[in-house]
Amino acid sequence: MGYTVIEKIIQRHTQQEVRPGHIVWMILDVRSARDFGGPNVVKNFQKEYGDKPVADRKKTFFTFDLSVPACSLKYADSQQICREFARRKGIKVYDVNEGIGSHVLIERGHAASGSTVVGTDSHMNILGAVGSFGQGMGDVDITFAFKTGKTWFEVPETVKVILKGEFNAPSSAKDLTLFILSKLGTREAALKAVEFYGEPVKELSLAGRITLCSMVTEMAGIVGFVPEANDRFLKEIQDLSGVEYRPLTADPDARYAEEIEIDVSGLTPKAAAPFQPTNVKDVKDLSHVSIDSGFIGSCTNGRTEDMKAAADVLKGRKVKQGVILKIVPATRRVYSEILKQGILDDLFESGAVVSNPGCGGCAEGHIGLTGEGETQISTANRNFAGKQGKGNNYLASPRVVAASCVLGRIASPEDL
Amino acid sequence: MSEFVFKGRLWVLKDDKGNLIEDIDTDQIYHNAYLHITDISEMGRYALGNLEGWKDFPSKAKPGDIIAAGRNFGAGSSRQQAVDCFAALKISLIMAPSFGAIYFRNAVNSGFPVLKCAELEALAEKEHIKTGDRVEIDIRIGKARNTSTGETFQVEPLSSVQRQIYEAGGLFAFAQSMEER
Ligand code: SF4
């Protein structure tokens, strides 16, 4: 019997037999901790192992992205605790100037296709977008990973999702993702790996794959992969990361827990209403919702292509008086690209606030919390109550957020 | 030596309609109001403190007791206290048809036996296991027996990985033992 993608990756990293339900020891190619969870990893490590070294400092990283540069004393302390530990152990820190950890790992070639990566970030499975088995874990697990270079993992079952049909702008990868999320909910893919097939996903760029795979977390899945890739994507990922990309394919006789077909023909712009990412509605049915603010960024929609999509809508237009649009590029590299390509100029001239790279307004750590009664439309991945302050959050694509900020109500670019 | 055969009194977590309770989340197991507590021995009194019908569990539980729960036990947050509160009461193991992913990791990592049992729903429904029954479970081979009724059933035995961590006394201790070997 053949292997699914996740089974293949795990099998390459363990001596034990890989089958769904088996718990195996898995070698880790990369282990990382961020400014959230990182200080606990340091505390655990010092308590349990003291002066002993980490298993392999070349495969161990800190990435700061949640509150960058620190905007509370707590985060300043947390980051300094990690820096000092990193210096003592000889570990590389991607510091507050670099951007979202998972994206930095992709750009720096650490998360290669077929690799295994863990970190203290619940969206580490975003790395499925580049064929890497990424997994977020708690500080106890990550401490052990730092020390031993291994972790245990229960091999998940895999669900095969086959997408049919075609969709066009203004719908984007985010609308596709929200649509899939509305179909799968939090049960179909729960605790399972997902493989996405079909023309609509095969044609996705790196940014689009990242958007889709990042929200496998919201589907309660372990990790998502898009095995089929066109030459454009292969070139894009290789140029970006500087490492060879080897597409991962499942064996023809691989066994799946389930096969689900979803027709995406005529996909229209979508938004997830508070307070569940699965609470997906058509943007046109939300046109009565007026907004106070918008956020474009996060690990889900923070790449240059996302910034460009927003800039194309905003160019020559103004964010409506009284509305605040906050834009946060995912990484320093994205920042440099939007600067050089003139995208930053279009965003700035529209009246948006553009900050340095990081998680930005995605989590309650950095710029742009929402206040009680505030309604925000955001490109992030979660809209749980309290996640970004006290306000109500809608989730949508960069184009929809941009158009909404121009009109002051939830809108699609076609309404402009 | 770690213990592998447990004999204890059973608690079957059912609701007032007599169904095994599913999706018991970490707030029902250990409410976030008590997350500031760091001393494990203090945590026992809050176990299941937010689960309708089971709030008095800590006063009734005795060391060595065994818990049977519905599917997706421990859904929700990553709080370690939701495992530690049972260790504090000296509950010997928890079985359920399935567990929340992070909950399962946390339990394994702290050396607390969590066992999957596919037949649990059927056993509970047919009252082949009931609160107060005495059960005997060998977690190496997954053989279980209700000694009050004579009924036998199967649970998933500890995987080799789980067993290694369990024998070492938790994940951190296991890392040490890896070095010593
Ligand atoms: S952008 Fe948000 S979801 Fe993504 S890693 Fe940062 S905090 Fe987590």
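Just so we're clear, the structure is a prediction, and the values are computed from it rather than from any experiment. Sequence positions are assigned chain by chain, starting from 1 and proceeding in written order. Chain letters start at A and ligand numbers start at 1, both assigned in the order the entries are written. Under the rules for a predicted model, residues below a pLDDT of 70 receive no local features and side-chain atom pairs below 80 are neither given nor counted, while totals for whole chains, interfaces and linings still include all residues. As a rule here, side-chain values cover all heavy atoms of the structure and leave hydrogens and water aside.

**Observations concerning the sheet that holds strand 2 (residues 30-34) of chain A**
Residues and elements named next belong to chain A.
Moving on, step 1. Strands pair, by our definition, only if DSSP identifies at least two bridges between them. By the criteria applied, helices consist of DSSP H or I runs no shorter than four residues and strands consist of E runs no shorter than two, each listed in order from the N terminus. Spatial strand order, 4-3-2-5-6: five strands in an open sheet with parallel pairing. Two strands close off the open sheet at either side, each with one partner strand: strand 4 (92-94) and strand 6 (133-136). This sheet shows a mean twist of 25° between the axes of neighbouring strands, independent of strand direction.
Moving on, step 2. Where strand 2 and strand 5 (residues 116-119) come together, three bridges link them in parallel fashion. Axes here mean lines fitted to C-alpha atoms, for a helix over just the part in contact, with angles spanning 0 to 180 degrees between N-to-C directions.

**Looking at the pairing of strand 15 (residues 324-327) of chain A**
All names here are of chain A.
Moving on, step 1. With four bridges joining them, strand 14 (residues 293-296) and strand 15 adopt parallel strand pairing. The residue bridging Gly294 from the neighbouring strand is Leu325, located in strand 15.
Moving on, step 2. Tracing the backbone out of strand 14, into helix 10 (residues 304-314) and back to the parallel element strand 15 gives a crossover that is right-handed.
Moving on, step 3. Inspection of the sheet shows strand 15 paired to strand 16 (residues 353-354) by two bridges, in the parallel sense. Within strand 16, the position partnered with Lys326 by the bridge is Val353. With the strands aimed away from the viewer, a crossover counts as right-handed if its path from the first strand over the helix to the second runs clockwise.

**Digging into the domain arrangement of chain A**
All names here are of chain A.
Moving on, step 1. Domain boundaries assigned for chain A yield domain 1 (5-154), domain 2 (158-263) and domain 3 (270-415).
Moving on, step 2. In this analysis, two residues are considered to be in contact whenever any of their non-hydrogen atoms come within 4.5 Å of each other. The interface of domain 1 with domain 3 comprises 20 residues on the first partner and 17 residues on the second.
Moving on, step 3. Defined here as a combined quantity, buried area equals the accessible surface (1.4 Å probe) lost by two parts on assembly, summed across both. For the pair domain 1 and domain 3, the two sides together bury roughly 1400 Å², of which 57% comes from carbon and sulfur.
Moving on, step 4. By convention in these notes, a salt bridge is any Lys or Arg side-chain nitrogen within 4 Å of a carboxyl oxygen on Asp or Glu. Arg303 is the salt-bridge partner of Glu107, the closest N and O atoms lying 2.9 Å from each other.
Moving on, step 5. N or O atoms within 3.5 Å of each other form a polar contact, as long as, within protein, one can give a hydrogen and the other can take it, and as long as residues adjacent in sequence are counted only when both atoms are side-chain atoms. The interface formed by domain 1 and domain 3 contains eight residue pairs in polar contact (both at pLDDT 80 or more).
Moving on, step 6. In this classification, Asp, Glu, Lys and Arg are treated as charged, Ala, Val, Leu, Ile, Met, Phe, Trp, Tyr, Cys and Pro as nonpolar, and every other residue, Gly included, as polar. Of the residues in the side of domain 1 that touches domain 3, the class split is nine nonpolar, seven polar and four charged. Each domain's limits were defined by an automated method or a database of domain assignments.

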